[in-house]
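Spelled out, the chains give:
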Amino acid sequence: MSRATETMPADYFAGIYASDPDPWRFTSSAYERDKYAATLACLPRPRYRAAFEPACAIGVFTRALSERCDRLLASDLIPAAVEAARARCADRPTVEIRQGAVPADWPEGRFDLIVLSEFLYFFAPPDLTELVRRVGGAIEPGGDLVLVHWIGETDYPQSGDEAVESFITQAAPFATLLHQDRTDRYRLDVLRAGGAA
């Protein structure tokens, strides 16, 4: 299988959503349901002050995560996904959903939780490096980073393992690994930023 060499473009995702409003079966897949439960279970703290979830898609996990956050900002590149996520979280006043691409449209502010789920492998290495830099500038001392990624074969610029291992290595100046879990389909990595506990 040949790999893409550039970061996956917006048109790629727009095309996927144009043909299916839930292209990855976020609302019906047992894989997604079980992965969401495992992600929530791995969070080191019962509650967070301010969380950021880029690439939130249609907001299924966003809604679940909001139960653990005083404030949750989520974003996605695709307008249709943003609209669906806003509708899904409409009764959650503590949730804000924005349209934007990371790392270019990284929000201002600091967060004590950043969840990076199922999208690091879409980045070519230089863009992943820029994303790591943005994360390092946004995570509060003692804040938590959660990475959840499919480890199967893809034609994306990086595999899940390659992207996550690269992220962990590049984040070493500001975050250390707390926990790793691996199933036959995905890996879950939790890092904590240095500084206050």
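Basis of the calculations
- Residues numbered from 1 in each chain as written.
- Predicted model: local features only at pLDDT ≥ 70, side-chain atom pairs only at ≥ 80, totals over all residues.
- Heavy atoms only, no water.
- 1 Å grid on protein atoms, 1.4 Å probe; cavity = no way out; pocket = protein on both sides within 12 Å on 5 of 7 lines; lining within 4 Å.
- Points joined across faces, edges and corners; volume = space filled by probe spheres on them.
- Helix = DSSP H or I, 4+ residues; strand = E, 2+ residues; numbered from the N terminus.
- Nonpolar A, V, L, I, M, F, W, Y, C, P; charged D, E, K, R; others polar.
- Phe/Tyr/Trp six-rings, centres within 6.5 Å; stacked < 30°, edge-to-face > 60°.
- Buried < 20%, exposed > 50% of the residue type's maximum accessible area, 1.4 Å probe, protein only.
- Pairing = 2+ DSSP bridges.
- Axes fitted to C-alpha atoms, helices over the stretch in contact; angles between N-to-C directions.
- Right-handed = clockwise from strand over helix to strand, strands pointing away.

Enquirer: Tell me what's going on with the layout of surface pockets, and back it up with residues and numbers.
Expert: Rolled over the atoms, a probe with the dimensions of a water molecule shows which regions are left empty. As a volume, the largest pocket reaches approximately 800 Å³. Lining the largest pocket are 41 residues, and of these Phe13, Trp24, Glu118, Phe119 and Phe122 sit closest to its centre. At the level of elements, helix H1 (10-19), helix H2 (30-42), helix H3 (60-66), strand S2 (69-76) and strand S4 (111-117) are the ones that each hand at least two residues to the lining of the largest pocket. In terms of residue count, H2 provides more of the lining of the largest pocket than any other element does, four residues in total. For the lining of the largest pocket, the per-class residue count stands at 28 nonpolar, seven polar and six charged.

Enquirer: Go over the packing of aromatic side chains, please, and point to the residues and values.
Expert: Aromatic rings in a pair are described by how distant their centres are and how their planes are angled relative to each other. Scanning the model with the defined rule gives twelve aromatic pairs in all. Judged by centre distance (6.5 Å) and plane angle (80 degrees), the rings of Tyr12 and Tyr156 are edge-to-face. Of this pair, Tyr12 sits in helix H1 while Tyr156 sits in the loop between strand S5 (139-150) and helix H6 (160-171), and the two are 144 residues apart along the sequence. Judged by relative accessible area, Tyr156 falls into the buried class, the value being 11%. Between Tyr31 and Tyr186, the aromatic rings sit 5.9 Å apart at their centres with planes inclined by 75 degrees, giving edge-to-face as the arrangement. Taken as a pair, Tyr31 in helix H2 and Tyr186 in strand S7 (residues 186-193) lie far apart in primary sequence, 155 residues in all.

Enquirer: Lay out the sheet that holds strand S6 (residues 175-182) in plain terms, naming residues and giving numbers.
Expert: Spatial strand order, S3-S2-S1-S4-S5-S7-S6: seven strands in an open sheet with mixed pairing. Only two strands of the sheet have a single partner each, and these edge strands are strand S3 (95-99) and S6. Going across the sheet, the axis of each strand differs from the next one's by a mean of 15 degrees, ignoring polarity. Of the pairings in the sheet, the one linking S4 to S5 comprises six bridges and is parallel in character.

Enquirer: I'd like a description of the pairing of S2, backed by residues and values.
Expert: Burial within S2 is extensive, with six of its eight residues counted as buried. Here strand S1 (residues 48-53) runs beside S2; their pairing, made up of five bridges, is parallel. Bridge pairing in S2 links Ala51 to Leu72. Once the chain exits S1 it traverses H3 before rejoining the sheet at S2, and the crossover so formed is right-handed.

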